[in-house]
Amino acid sequence: THSDSSAADLTADPIARHILVPLDGSILAQSILQHAVDFARIEGASMTLLNVQNENETRGFFEHTTPRDYLLTAMRKLQLSATIVESHVITTNRNVVEAIASFAEQSETDLVALATRADSGLSRLMRGSVADGLLRQTKLPLLIRNFDGHF
């Protein structure tokens, strides 16, 4: 589902060969990983883990690790169950949605898998949503796991 009214392209290859999983270091973001692995296994797809750091806001580290080490740890765990897994950290001055959409396009991504909160109304307007932004920025299929705040 996309925000514009253009018709879906039903001539495209429906098999996802490359799945992009944007991760921000949060438990919420990581909750999509097993679903993405399951999907990759069914489709025979490769996976790319992506972390986007904003040049103006980044501190270059998470609570107990760096973005690169965080992705490498996640990647090692996934390599036991997924076909091909690679990881990338991007530092940019663009917003996260633009950076993910651009990376997805350049890396020939077939599917973007991510988790999001079940925000609505004012909280969604104030915080924004990467998933919502990607729905508006790209025509790529999205696998979205929507949480209501409870784990």
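The coordinates are above.
Residues numbered from 1 in each chain as written. Predicted model: local features only at pLDDT ≥ 70, side-chain atom pairs only at ≥ 80, totals over all residues. Heavy atoms only, no water.

Engineer: Could you give an account of the overall build of the chain, naming the residues involved and the relevant values?
Structural biologist: A tally of helices and strands in the chain yields six helices and five strands. The N-to-C order of helical and strand elements in the chain reads β-α-α-β-α-β-α-β-α-α-β. Per-residue burial over the chain gives 39% buried out of 151 residues. Taking as baseline every contact in the chain between residues at least 6 positions apart, the subset at least 24 positions apart corresponds to 74%. If you sum the accessible surface of the chain, you get close to 9300 Å²; carbon and sulfur atoms cover 52% of it. (Helix = DSSP H or I, 4+ residues; strand = E, 2+ residues; numbered from the N terminus. Buried < 20%, exposed > 50% of the residue type's maximum accessible area, 1.4 Å probe, protein only. Contact = heavy atoms within 4.5 Å. Areas by Shrake-Rupley, 256 points an atom, 1.4 Å probe, with all protein chains shown as cover.)

Engineer: Please provide a residue-by-residue account of the sheet that holds strand β1 (residues 18–22), values included.
Structural biologist: Overall, parallel pairing links the five strands, which are arranged β3-β2-β1-β4-β5 in an open sheet. The open sheet terminates on both sides in strands that have one partner only, identified here as β3 (85–92) and β5 (142–147). Between one strand and the next, the sheet's axes are offset by a mean angle of 25 degrees, whatever the strand orientation. Pairing of β1 with strand β4 (residues 111–117) involves two bridges; the strand directions are parallel. (Pairing = 2+ DSSP bridges. Axes fitted to C-alpha atoms, helices over the stretch in contact; angles between N-to-C directions.)

Engineer: Go over helix α6 (residues 130–137) with me, naming the residues and quoting the values.
Structural biologist: Those residues of α6 lying buried are Ala131, Asp132, Gly133 and Leu134. Where α6 begins, one side-chain oxygen reaches toward the backbone nitrogen of Ala131, 3.3 Å away; that side chain belongs to Ser129. (Polar contact = N/O pair within 3.5 Å; in protein donor to acceptor, adjacent residues only side chain to side chain.)

Engineer: Give a detailed account of helix α2 (residues 33–43), specifying residues and quantitative values.
Structural biologist: Those residues of α2 lying buried are Leu33, Ala36, Val37 and Ala40. The buried residues of α2 occupy an angular sector of 100 degrees when projected down its axis, which confines them to one face. Where α2 is buried, its residues meet β1, α1 (27–30), β2 (46–54), α3 (67–78) and β4. Once α2 finishes, Gly44 follows within two positions and takes phi at roughly 70 degrees, a positive value. (Arc of directions from axis to C-beta.)

Engineer: Just give me the short version of the environment of Thr116, but keep the residues and values in it.
Structural biologist: Mapped onto the elements, Thr116 comes out in strand β4. Separated by 30 residues in the primary sequence, Thr116 and Asn146 place their C-alpha atoms 5.1 Å from one another. Ignoring sequence-local partners within four residues, the contact set of Thr116 consists of Leu28, Ser129, Ala131, Ile144, Arg145, Asn146 and Phe147.

Engineer: How would you summarise the nonpolar core if you had to cite specific residues and measurements?
Structural biologist: Grouped together as the largest cluster of nonpolar side chains are 24 residues, with contacts concentrated most on Ile19, Val21, Leu23, Met47, Leu49 and Leu78. Residue assignment for this core shows that the elements contributing at least two residues are β1, α1, α2, β2, α3 and β4. For this core, the element with the highest residue contribution is α3, accounting for five residues. Leaving out residues up to four positions away in the same chain, Leu49 has contacts with Val21, Leu23, Leu33, Leu71, Ala74, Met75, Leu78, Val85, Glu86, Ser87 and His88. Counting residues in each nonpolar core, the second largest holds 16 residues, with Leu20, Ile90, Ala99 and Phe103 among its members. (Core = buried A, V, L, I, M, F, W, Y, C linked by side-chain atoms within 4.5 Å.)

Engineer: Would you mind going over the pairing of β2 in detail, with residue names and values included?
Structural biologist: Summarising burial for β2: nine of the nine residues are buried, a large majority. A two-sided burial pattern is seen for β2, the buried positions comprising Ser46, Thr48, Leu50, Val52 and Asn54 on one face and Met47, Leu49, Asn51 and Gln53 on the other. In the sheet, β1 pairs with β2 via five bridges, with the strands oriented parallel. In the sheet register, Pro22 faces β2, and the bridge partner there is Leu50. Pairing analysis gives eight bridges linking β2 to β3, with the strands arranged parallel.

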